Amino acid sequence: MSSFRQESLKRQLKKELQESEWLQKFKQLSEGLSTIKAEIPLTQLCQLRWVDESQTLIIHCPNPEVREGLRQQTAKIEQLDIVAKRFILKNPQFPDIIIDAQGSK
C-alpha cells in the first residue's frame, strides 16, 4: 500500500472517529464528571459509576457524613447541566437517595 493511500485511510479513520456518536458521548460524560466534581466537591470523596442504559450516575458515598452532606445538596445536584438523567446516592447503611436531574442535556 502506498504511503499516500495509508495517509488517506488514516485521515478518513480519524475523521470517522471524531464524528462518532460513541466519542461524543464519552466527551459529554467526561465533561459531566468534571463538572460534578468541581461544583459538588464532596463527590471527590465518592466512587462514581455511570450506568449508560438509564443515564444514571451512581455516587457511592464512603461514609454517612459524606452521604448526609450530599443529601443536603440535592437541589444543587438536580440542577447540574450534565448528561445524567438521574443520580443515586448510595451507602450500605442507608436507603438509596434518588435524585432526578432537572438540567440534563
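Please refer to the structure placed before this passage.
Remember, it's a predicted structure, so these values are computed and weren't measured experimentally. (Residues numbered from 1 in each chain as written. Predicted model: local features only at pLDDT ≥ 70, side-chain atom pairs only at ≥ 80, totals over all residues. Heavy atoms only, no water.)

Brief notes about the pattern of salt bridges
(1) Moving on: What the rule picks out here adds up to four salt bridges.
(2) Moving on: With a shortest N-O distance of 3.5 Å, Asp52 and Lys25 are connected by a salt bridge. Taken as a pair, Asp52 in the loop between strand S1 (47–51) and strand S2 (56–60) and Lys25 in helix H2 (residues 21–39) lie far apart in primary sequence, 27 residues in all.
(3) Moving on: Exposure remark for Lys25: the relative accessible area of 38% places this residue in the partly exposed category.
(4) Moving on: In this structure, Asp100 and Arg86 form a salt bridge, with 3.2 Å as the shortest nitrogen-oxygen distance. Of this pair, Asp100 sits in strand S4 (residues 94–100) while Arg86 sits in strand S3 (residues 86–91), and the two are 14 residues apart along the sequence.
(5) Moving on: On the basis of relative accessible area, Asp100 is assigned to the partly exposed category, the value being 43%.
(6) Moving on: Arg86 sits in the partly exposed class, given a relative accessible area of 31%. (Salt bridge = Lys/Arg side-chain N within 4 Å of Asp/Glu carboxyl O. Helix = DSSP H or I, 4+ residues; strand = E, 2+ residues; numbered from the N terminus. Buried < 20%, exposed > 50% of the residue type's maximum accessible area, 1.4 Å probe, protein only.)

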